[in-house]
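# Analysis of the macromolecular model
Below are the chains, spelled out letter by letter.
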Amino acid sequence: MAEKAVLGFLEKNEGIPDSGQFAAERGINHDELVNVIKSLHGFGFVDSQDIKRERWVLTDEGRAYAATGSPEVQFFLAIPTEGIPPEELQRKLNPSVFKIGRSQAMKNQWVEMGKQRVTRKVLNVEDTVKDLLIWLQDGQAINPEDIDALKRRKLIAPQIWKGYSIRKGTNYAPERKKAATDLTRDHLQRGDWKELEFKEYNFSAKGQPTEGGHLHPLLKVRQQLQMIFLQMGFEEMPTNNFVESSFWNFDALFQPQQHPARDSHDTFFLQVPSTTKMLPEDYVERVKHVHELGGYESRGYGYDWKREEANKNLLRTHTTAVSSRMLYLLAQKPFAPKKYYSIDRVFRNEAVDRTHLAEFHQIEGLVCDRGLTLGMSKLRFKPAYNPYTEPSMEIFGFHEGLNKWVEIGNSGMFRPEMLLPMGLPEDVRVIAWGLSLERPTMILYKIDNIRDLFGHKVDLSLIKRNPICRLGIE
Ligand code: PHE
């Protein structure tokens, strides 16, 4: 209807100077008219020019006064001719009407505020504020001083009105035929396809985005780290067991049974099956001995080591559990130097926050050979403690987004109390470390909340759109 009105009007007239006026005169919704003008303009049926006008609209407060009268008049009318004690007047009016009404009525010199009595100073008052507001609401013009006064009282606010002035465009026609998009069987049967105008093909239209699999950033970073390890000649350790016994997770690592990490606050223990069935008995004996009494020049911990504690099943708290299995296996054969790595999931009973989850991925590496020593961008090492390493160092990386150093890993040299009961030769040294996969990924992908990276809150579009990961190798 709006389109017909515009094209029809332009057939006989030069142009439409003001879309607002045009819409009002014909009872057309202006927004609808604007859409029609934009579309006609796009197809060259009309030329259009923007018009902007500032107009005044009533604020919520202004609308309230337009309906119920200004507070000063309400205040005035609440005063009986014989006057009224101020407290009583206050009770009659709502607090904001009382406060605003009082100050305006005094400014207008309508009332006398005595200590005992409030009295009228004039006989009648006119509610000009209310009248002005109603006029404005009806779209009538009011003079600039009045506008100023209403604006200062925040009863009106400016609103930018946008419309168009239009004239015929180069493709003007009194009617816009809807171009057909399909040639149908009906068209053919009726034969009206001969008169139809068909919409042109748009060969530059974008096609449907193709859907496919996408790699999660963690997988990309894992892949890159794997390449680094493989290029340096590391072999991957089999980490396909999330469930581990306390023995391999802790005891084999010379971690005493009363160590706090072995508490259910830090470790998830399994209820079913709650204990492990098989451990290498002679090795278990040597581990028990080194915990209780020491040996290999160690004093041990001097406590009563319990087999039941070692049997308890848990969700591995670190992939070092796998390292201990692998070193034990290595010790069963004639010694050969090894470089091992793994990247897999570990579980800790932690309070979840923006940098902690109850599970994460650990990147672990170890180098095992005779006579090794520790040789040493934004990396820092800090002395730390692990029952199974000496020395031990925590590794920190700088997170630009969080603007602070975050721990990315832990490292050290495995202690003789761990290695010798396994049966490794005495001069064999093992340098080992564990990193989290999440923290470096957060740094690389500028993610400052771990829950945006892993877990049920991950936004799938992150997985679809994340860039490839390059860690300086190729
Ligand atoms: N297991 C340690 C951790 O979970 C990491 C580590 C691995 C430390 C190997 C030293 C040697 O924090």
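The structure this text deals with has already been given above.
Computed from a predicted model, the values in this text were never measured in an experiment. (Residues numbered from 1 in each chain as written. Predicted model: local features only at pLDDT ≥ 70, side-chain atom pairs only at ≥ 80, totals over all residues. Heavy atoms only, no water.)

### Let's talk about the overall build of the chain
Test applied: Helix numbering and strand numbering both begin at the N terminus, where a helix is a DSSP run of H or I of at least 4 residues and a strand a DSSP run of E of at least 2. The size measure is the radius of gyration over C-alpha atoms, and the globule rule it meets is 2.2 Å times the number of residues to the 0.38 power. Only protein chains enter the accessibility calculation, which uses a 1.4 Å probe. A residue is then buried if its area is under 20% of the maximum for its type, exposed if over 50%, and partly exposed in between. Computed with a 1.4 Å probe, the accessible areas rest on the Shrake-Rupley method; for each residue, only the protein chains presented here act as cover.
For the chain, the helix and strand inventory stands at 18 helices and 14 strands. Taking 474 residues into account, the globule formula puts the C-alpha radius of gyration at 23 Å, and the chain, at 41 Å, lies well above it. Each principal axis of the C-alpha atoms in the chain carries an extent, and together these give about 110 × 90 × 45 Å. Within the chain, buried positions represent 41% of all 474 residues. Entry remark: accessible area of the chain is about 28300 Å², with carbon and sulfur atoms responsible for 51%.

### Considerations on the pattern of salt bridges
Defined as follows: The working definition used for a salt bridge is a side-chain nitrogen of Lys or Arg within 4 Å of a carboxyl oxygen of Asp or Glu.
Enumeration according to the criterion identifies 21 salt bridges in this entry. Between Asp427 and Arg370 there is a salt bridge; the shortest N-O distance is 2.9 Å. With a relative accessible area of 34%, Asp427 lands in the partly exposed category. With relative accessibility at 42%, the residue Arg370 sits in the partly exposed group. The partner of Arg415 in a salt bridge is Glu417, and the shortest N-O contact between them spans 3.2 Å. When its relative accessible area of 7% is taken as the criterion, Glu417 is described as buried.

### With respect to the sheet that holds strand E1 (residues 15–16)
Rule in force here: Two strands form a pair only when DSSP identifies at least two bridges running between them. We call two residues in contact when some of their heavy atoms are within 4.5 Å. All axes are obtained by fitting lines to C-alpha atoms, using only the stretch in contact for helices, and the reported angles, taken between N-to-C directions, cover 0 to 180 degrees.
Spatially, the 3 strands line up as an open sheet ordered E1-E5-E2, and their pairing is antiparallel. Looking at strand neighbours, the two that pair on one side only are E1 and strand E2 (46–58), the edges of this open sheet. Bridge count between E2 and strand E5 (residues 156–168): 13 bridges; the pairing is antiparallel. Along E5, the bridge assignment pairs Arg53 with Trp161. Packed on one face of the sheet, helix H8 (residues 128–137) meets E2 and E5 and runs near 160° to E2.

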